[in-house]
Amino acid sequence: MIRNNQIITGTISYLDEASNGVLLHGKDRIFVRHVLEKEKVKVQIVKKIKEGYSAKLIDIIEASKNRVKPECGIYEKCGSCQLMHISKEGQKERKIAHLKSLCKKAKNLNLKVVDVDTMQEPYHYRNKMIIGFQKDRKGQIQAGFYEEFTHNVIPYNRCLLHPTICDDIIQFIVQLMKKMHIEPYDEDKRRGLFRHVLIRYGMVSKEIMVVLVLNQQVFPARKAFVSELTKRYPQITTIVQNVNTRKTSVVLGDQERVLYGPGFINDALCGLQFHISSKSFYQINHEQCEVLYKKGIDLLKLKGNETILDAYCGIGTIGMYASKFVKQVIGVELNKDAIEDAKKNAKLNNIKNIRFICDDAGKFMQKMANKKEHLDVVILDPPRAGSSEVFISSLAKLNPKKVLYISCNPQTQMRDLQLFAKYGYRFKEIHGVDMFPNTFHTESIVCLFKENDKCKEIRRKQK
């Protein structure tokens, strides 16, 4: 029987979906972070968990050829990155292998993994950062990230995924908090003013938004704080105060007011201009987002006369890009703030062949089907939970010839593709785009085609 603190030596058999190494010990599975497949390791058991045991890495006895030394000083504690101990080539191999494993497990899909597009320089790519605050044992204010599976803040000075100036701004905010006696929020006592700071960075425009997430509406040092921050960093073009008084892990609250600037930043994506507000959904990785959108549109092989529905359209990024290549685009999104942003962005870019509707995409498609309206293509990019049976059945009633399914969670995408197959959609390839280098996440794209009656008959005869 395995005991807590027991030292065990063994070889990592495989990596799970979250890229944790699995060491088999008899009938038990031991999960270890920051290891690679086939590495011989020495670990110390931490505790019993539902799936087996968690363990701490003590020593690498035989290292993988893909192992590198992480350049991050807090990598062992921080849960934000999982693959920084793996070379760039090794990360690509890992992500391709993960997609292939998912395809193999999915029944009757027969999907071929084409490739995973990676970044040449996989650092400093994040255009959105969320930082928490706490006081250490000496009462000093610290800014940092939450330790994995906890609400303990790991203090930091530099993150390799952030633009350098954004980290500089965070450190200056800590100085201002000390100078102006601003208390960080204490979750247990539910006291203190600063809960989080959210920063958005325009990779093209270089404009910066700072969102101060506070525990109350009153911000006593507001004018002095804003004045000193913008004087030190003129790149900050807007500052927003967000109020979140709830006991929740959700970062942003509902109430906001603009303290400085227009309340949004501008950025360019795929040759288009966008206004981005504090709550806008905008892909984290600008460079790879352009790769993703161009890949998706290429796969659709558009002729120019199509009508496209952009479901879960957000602020309208991919729909507006697609509008260059088709007759008409309809963007549908349930979030009314996102729809308002999308309308402003279409006007900003003088795009006449796109319209945005605030509605549930599934219900909207049902209404279109009842009116016998026509769609050629549906683009969907749902959240990590994937799509739903209601949405997919509504889509099937409209009978579009093509569907472009972009996913930030290939596992739920596989589940949804099996349902699409039941409605007569066929697909051969899955393409990966590494939107999140140094983490286990991968964005994936599948282009689906509606099978016509002739193809159905051929397949039926082949069976």
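Structure's up top.
Conventions and cut-offs
Residues numbered from 1 in each chain as written. Predicted model: local features only at pLDDT ≥ 70, side-chain atom pairs only at ≥ 80, totals over all residues. Heavy atoms only, no water. Helix = DSSP H or I, 4+ residues; strand = E, 2+ residues; numbered from the N terminus. Rg over C-alpha atoms; globule rule 2.2 N^0.38 Å. Buried < 20%, exposed > 50% of the residue type's maximum accessible area, 1.4 Å probe, protein only. Arc of directions from axis to C-beta. Contact = heavy atoms within 4.5 Å. Pairing = 2+ DSSP bridges. Axes fitted to C-alpha atoms, helices over the stretch in contact; angles between N-to-C directions. Left-handed = near helix turned anticlockwise from the far one by under 90°. Nonpolar A, V, L, I, M, F, W, Y, C, P; charged D, E, K, R; others polar. Phe/Tyr/Trp six-rings, centres within 6.5 Å; stacked < 30°, edge-to-face > 60°. Lys NZ or Arg CZ within 6 Å of the ring centre and 35° of its normal. Core = buried A, V, L, I, M, F, W, Y, C linked by side-chain atoms within 4.5 Å.

Asks: Looking at this structure, how should I read the overall build of the protein chain?
Replies: Of regular secondary structure, the protein chain possesses ten helices and 23 strands. Relative to the compact-globule value of 23 Å for 463 residues, the protein chain shows a C-alpha radius of gyration of 24 Å, a close match. Projected onto its principal axes, the C-alpha coordinates of the protein chain cover approximately 75 × 60 × 35 Å. Looking at the protein chain as a whole, 54% of its 463 residues are labelled buried.

Asks: Any chance you could explain helix 7 (residues 361-370) here in plain terms?
Replies: One turn of the α-helix equals 3.6 residues, which is why residues spaced by three or four share an orientation. For helix 7, the complete set of buried residues consists of Ala361, Gly362, Phe364, Met365, Met368 and Ala369. Around the axis of helix 7, the buried residues are gathered within 160 degrees of arc, so they sit on the same side. Projecting away from the buried face of helix 7 at angles above 90 degrees are the exposed residues Lys363 and Asn370. The positive-phi residue at the C-terminal boundary of helix 7 is Lys372, with phi of around 60 degrees.

Asks: What should I look at first to understand the environment of Tyr282 in this one?
Replies: For Tyr282, the location among the structural elements is in the loop between strand 15 (272-276) and helix 4 (286-300). Discounting chain neighbours no more than four positions away, the residues touching Tyr282 are Asn127, Arg200, Asp267, Ala268, Leu269, Ile276, Ile315 and Thr317.

Asks: So what exactly am I meant to see when it comes to the sheet that holds strand 1 (residues 7-15) here?
Replies: Adjacent strands of a sheet pair through backbone hydrogen bonds, lying either parallel or antiparallel. The sheet built from five strands closes into a barrel, its strands ordered 1-2-3-5-4 with mixed pairing. Averaged over all adjacent pairs, the angle separating strand axes in this sheet is 50 degrees, with direction ignored.

Asks: Quick question: what am I supposed to make of the sheet that holds strand 12 (residues 236-243) here?
Replies: Within the open sheet, the seven strands sit side by side as 9-8-7-10-11-12-13. Their pairing is mixed. Looking along the sheet, the strands with just one partner apiece sit at the ends: strand 9 (153-155) and strand 13 (255-260). Strand after strand, the sheet turns through a mean of 35 degrees between neighbouring axes, direction not considered. Strand direction decides the pairing type here: strand 10 (residues 194-201) and strand 11 (residues 208-214), joined by seven bridges, are antiparallel. Bridge pairing links Arg200 to Met209 in strand 11. Docked against the sheet, helix 2 (residues 164-179) engages strand 7 (128-135), strand 8 (141-146), strand 10, strand 11 and strand 12, running at close to 150 degrees with respect to strand 10.

Asks: Would you mind showing me how to read the packing of helix 8 (residues 389-398) against helix 9 (residues 410-422) here?
Replies: If you want to describe how two helices pack, look at the angle between their axes and the distance between the axes. Relative to each other, helix 8 and helix 9 sit at 35 degrees, their axes nearing to 10 Å. In terms of crossing hand, the pair formed by helix 8 and helix 9 is right-handed. Only Asp416, Leu419 and Phe420 of helix 9 make contact with helix 8, whose side of the interface consists of Glu389, Ile392 and Leu395. Looking at the contact of helix 8 with helix 9 residue by residue, the class counts come to four nonpolar, no polar and two charged.

Asks: Would you mind showing me how to read the packing of aromatic side chains here?
Replies: One pair of aromatic rings is described through two measures. These are the centre distance and the angle between the planes. All chains considered together, the criterion is met by eleven aromatic pairs. Each ring, one from Phe194 and one from Phe219, has its centre 5.9 Å from the other, and the planes form 70 degrees; the classification is edge-to-face. Highlighted residues: Phe194 in strand 10 and Phe219 in the loop between strand 11 and helix 3 (222-232), separated in sequence by 25 residues. With a centroid separation of 5.9 Å and 90 degrees between ring planes, the pair formed by Phe420 and Tyr425 is classed as edge-to-face. Residue class for Tyr425 comes out buried when judged on its relative accessible area of 0%. An aromatic cluster is present here, built from Phe133, Phe194, Phe219 and Phe225 joined pairwise through their rings. Over the ring of Tyr53 we find Lys48, and its NZ or CZ is 5.1 Å from the ring centre. Here the guanidinium or amino end of Arg195 rests over the ring plane of Tyr185, the centre of that ring lying 4.3 Å away.

Asks: Just checking my understanding: could you explain helix 8 for this structure?
Replies: Counting buried positions along helix 8 gives seven out of ten residues, so the element sits mostly inside the fold. Among all positions in helix 8, only Phe391, Ile392, Ser393, Ser394, Leu395, Ala396 and Leu398 are buried. Contacts from the buried residues of helix 8 go to strand 16 (307-311), helix 7, strand 19 (377-380), strand 20 (402-407), helix 9 and strand 21 (425-426). Backbone geometry just after helix 8 places Asn399 at a positive phi near 60 degrees.

Asks: Mind showing me how you'd approach the nonpolar core here?
Replies: Side chains that are nonpolar tend, in soluble globular proteins, to be buried together. The biggest cluster of nonpolar side chains holds 94 residues, and the ones touching the most others in it are Phe194, Val210 and Leu229. No other element matches helix 2, which puts nine residues into this core. Every residue in contact with Val210, bar those within four places of it in the chain, is listed here: Ile169, Ile173, Val197, Leu198, Ile199, Leu229, Ile236, Thr238, Ile239 and Val240. Leu102, Met365, Met368 and Ala369 belong to the second largest nonpolar core, which has 36 residues in total.

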